[in-house]
Amino acid sequence: MIKINEQNLTEQPLIDWFKQLGYEYEFGPDISPGGILVERDFKDVILENRLRSSLKRLNPKLTEKNIDEVVYKLKKVENPNLEINNKEIWRMLVEGVRVDIENKNKEIRGIFAKVIDFKDPLNNEFLVINQFAIQGSENIRRPDVVIFINGIPVAVFELKNPKIEEVTLQTAFEQLQEYKKDIPELFKYNQILAISDLSEARYGTISSSLEWFKAWREEENSEEKIKGVSQLEILVKGIFQKTRLLDIIEHFIVFEADSEKDTSKFTKKICLYHQYFGVNKAVARTLKAIKPNGDGKIGVLWHTQGSGKTLSMVFYVNKVKELAELEGPTFVFLTDRNDLDNQFYKTFLRTGYNTLAKQAETIVD
């Protein structure tokens, strides 16, 4: 008789869904000390050989010395504050890691080495590993499932047995908080956290309270179409499609400072499903509306109260500012009340636009 446990109830279906999305799979103990394909030590959270191989593929001009420098910079980020560490790593994942290279004329110039290829998802290595044991401050910890891109651990799943009544999503959330204390090195690189008991599934960031771990929905599917499909499967196949995962990491994550002046404390935030779909529709309509062929009208993105319209505008700017067709656009926000105007302005200041955002003092201004 097969023993019903977390592994065959939650881990195995999760792994199968990732395989369907084109992810490679490794069993954690196989690639750890004592396994048959050892490629790491228990203290290692980065799969360094895979990272180095990816860096060579993505940056053919880099020397071995350059690659050593990139790996060193990714590993050496150390700050007592996890969010600050995470923000620095996220910046390097998105923008690249700066290194100096020598050209044919023996001139030294700085370039940004790609860690992830955001333009071509198929140029990256996507990997799912279960039972990934890590040496903590006191004990070895085993997050249930860890997702890697090019050897970097970008997502962690904590799964609980739905057959045990006293086990809840809160139990899974609390387990992640313990992991953050015991194995903080893993969470320096993390972009998405997920918790599930198979029937329910939520995702968030290293900063999210349990309240802000939210379910993912597929906008294209009606409730009838997804009836009988678990929230965990919807979350995996929704967020972790390769192109979508890269889009979310690049454009739909922000680090919001606690105030406009104090930028030493940050809260990491990630889009909700309606923000992701709404903003991407607005971006597509923006491209279509560009003159002379377009009519200059994008349309209406409608929000209910409390649904995150200010952050939606930040996500929109994050994407549209990169459109070559707009050649570095200027964004003007017109609001119908002072408190909303202040909210918009402060949010942009706190999410990385502090040197660019300006607030008009008067109507004429």
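Residues numbered from 1 in each chain as written. Predicted model: local features only at pLDDT ≥ 70, side-chain atom pairs only at ≥ 80, totals over all residues. Heavy atoms only, no water.

A. Up close: the packing of aromatic side chains. Tallied over the entire structure, the rule returns 18 aromatic pairs. Relative to Tyr-23, the ring of Phe-18 lies with its centre 4.8 Å away and its plane at 70°, an arrangement referred to as edge-to-face. The exposure classification of Phe-18 matches that of Tyr-23, with both residues buried. Taking 5.9 Å as the distance between ring centres and 55° as the angle between the ring planes, the aromatic pair formed by Trp-216 and Tyr-276 counts as tilted. With Trp-216 in the loop between strand 10 (201–204) and helix 8 (231–239) and Tyr-276 in helix 10 (residues 273–289), the pair connects residues that are 60 residues apart, well separated along the chain. For Trp-216, a relative accessible area of 2% puts it in the buried group. Since its relative accessible area comes to 7%, Tyr-276 is described here as buried. (Phe/Tyr/Trp six-rings, centres within 6.5 Å; stacked < 30°, edge-to-face > 60°. Buried < 20%, exposed > 50% of the residue type's maximum accessible area, 1.4 Å probe, protein only. Helix = DSSP H or I, 4+ residues; strand = E, 2+ residues; numbered from the N terminus.)

B. Geometry of unusual backbone geometry. For the bond running from Lys-291 to Pro-292, omega is 15°, close enough to zero to count as cis. Mapping Pro-292 onto the fold places it in the loop between helix 10 and helix 11 (309–320). The phi angle at Gln-131 is positive, at roughly 55°, despite the residue not being glycine. Tracing the chain through its elements places Gln-131 in the loop between strand 4 (126–130) and strand 5 (134–135). By relative accessible area, Gln-131 is classed as buried at 19%. Phi is positive for Glu-327, close to 50°, though the residue is something other than glycine. By the element assignment, Glu-327 lies in the loop between helix 11 and helix 12 (338–350).

C. Molecular detail of the nonpolar core. Judged by nonpolar contacts, the single largest core of 104 residues is most densely connected at Ile-147, Phe-157 and Phe-240. Ignoring anything within four residues of it in the chain, the contact list for Phe-240 reads Phe-18, Leu-21, Tyr-23, Ile-147, Ala-155, Phe-157, Ile-192, Leu-235 and Leu-245. (Core = buried A, V, L, I, M, F, W, Y, C linked by side-chain atoms within 4.5 Å. Contact = heavy atoms within 4.5 Å.)

D. A look at the sheet that holds strand 4. Taken together, the 6 strands give an open sheet; going across it, the order is 1-4-7-8-9-10, and neighbouring strands pair in mixed fashion. What marks the edges here is a single partner per strand, and that holds for strand 1 (24–27) and strand 10. Ignoring which end each strand starts from, the neighbouring axes of this sheet average 20° apart. Here strand 8 (residues 152–159) pairs with strand 9 (residues 192–196) via 5 bridges, running parallel. Residue Leu-159 lies in a different strand from strand 9, and its bridge partner there is Ser-196. (Pairing = 2+ DSSP bridges. Axes fitted to C-alpha atoms, helices over the stretch in contact; angles between N-to-C directions.)

E. The pattern of salt bridges, seen in detail. Taken as a whole and judged by the stated rule, the model has 24 salt bridges. With its nearest N and O atoms 3.1 Å apart, the salt bridge here joins Arg-202 to Glu-200. Given the relative accessible area of 18%, Arg-202 is considered buried. Using a relative accessible area of 32% as the deciding quantity, one classes Glu-200 as partly exposed. Arg-337 is paired through a salt bridge with Asp-339; the nearest N and O atoms lie 3.1 Å apart. Residue Arg-337 is classed as partly exposed on the basis of its relative accessible area, which comes to 41%. On the accessibility criterion, Asp-339 (49% relative accessible area) is partly exposed. Ionic contacts of the salt-bridge type, sharing partners, join the residues Glu-24, Glu-26, Glu-39, Arg-50 and Glu-125 into one network. (Salt bridge = Lys/Arg side-chain N within 4 Å of Asp/Glu carboxyl O.)

F. Examining the environment of Leu-356 more closely. If you trace the backbone, Leu-356 turns up in the segment after helix 12. Residue classification places Leu-356 among the exposed positions, given a relative accessible area of 63%. With 46 residues separating them along the chain, Leu-356 and Thr-310 place their C-alpha atoms 16 Å apart.

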